[in-house]
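Here is what each chain is made of, one letter per residue.
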Amino acid sequence: MATDSAVYVERIESDASRRLEPARQLAPGDRVVTVVRWYRMGGDGGFVITNPLPASLAYQTSASNVQEVSVDGGRTWGRLEDLRINGRDATPEDVTHVRWRIPASLAARGRGEIAYAGIVR
């Protein structure tokens, strides 16, 4: 399996429409979308893609509702609403890693992409 990724910044136009453009320079408060593309090079079965978030990015959401997140550097995983830190509910700002389990049926297609959004801190 191979992966590559691209980061885009979301721009809001004067008519309230939105567009994505390649991220060349980012500023605090910018909403970014990271697109992770995967390519199946052979083999059977499913696989897992794990993506660490840069410390400068606060997680927002994923284009898939099957992602798992970690708020402790990848030691434990779950749905954000089920995770806790020091006795409190975890928030999107606490997310350190995102991962997706690609089932064999989807992996058999040979390629795909996953996207998630964040805010530059």
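That block above? That's the structure.
Colleague: What is the right way to look at the pattern of salt bridges in this model?
Modeller: Any two side chains of opposite charge can pair, so long as their charged atoms come close to each other. Within this structure, the stated rule accounts for 13 salt bridges. Between Arg31 and Glu10 there is a salt bridge, with the nearest N and O atoms lying 3.2 Å from each other. Remark: Glu10 occurs in strand β1 (residues 2-12) and Arg31 occurs in strand β3 (residues 31-39); sequence separation between them is 21 residues. The exposure class of Arg31 is partly exposed, given its relative accessible area of 25%. Residues Arg19 and Glu13 are paired through a salt bridge, measuring 2.2 Å at the closest nitrogen-oxygen approach. Among the charged side chains, a salt-bridge network with shared partners connects Arg11, Glu13, Arg19, Glu21 and Asp30.

Colleague: Would you take a moment to explain the side chain of Asp72 for this structure?
Modeller: With respect to the element layout, Asp72 can be found in the loop between β6 (68-70) and β7 (84-85). Here Asp72 occupies a buried position and makes no salt bridge, while the nearest side chain of opposite charge, Arg75, is found at 4.3 Å. Of note is the side chain of Asp72, whose polar atom sits 2.6 Å from the side chain of Thr76.

Colleague: Teacher, can you tell me more about the packing of aromatic side chains here?
Modeller: When we look at a pair of aromatic rings, we describe it by the centre distance and by the angle of the planes. Under the defined criterion, the tally for this structure stands at two aromatic pairs. Ring geometry for Trp38 versus Phe47: centroids 5.2 Å apart, planes at 75°, classification edge-to-face. Owing to a relative accessible area of 1%, Trp38 belongs among the buried residues under this scheme. Note on Phe47: relative accessible area 14%, which makes it buried.

What counts and what doesn't
Residues numbered from 1 in each chain as written. Predicted model: local features only at pLDDT ≥ 70, side-chain atom pairs only at ≥ 80, totals over all residues. Heavy atoms only, no water. Salt bridge = Lys/Arg side-chain N within 4 Å of Asp/Glu carboxyl O. Helix = DSSP H or I, 4+ residues; strand = E, 2+ residues; numbered from the N terminus. Buried < 20%, exposed > 50% of the residue type's maximum accessible area, 1.4 Å probe, protein only. Lys, Arg positive; Asp, Glu negative; His and termini not counted. Polar contact = N/O pair within 3.5 Å; in protein donor to acceptor, adjacent residues only side chain to side chain. Phe/Tyr/Trp six-rings, centres within 6.5 Å; stacked < 30°, edge-to-face > 60°.

These figures come from the coordinates and say nothing about function on their own.
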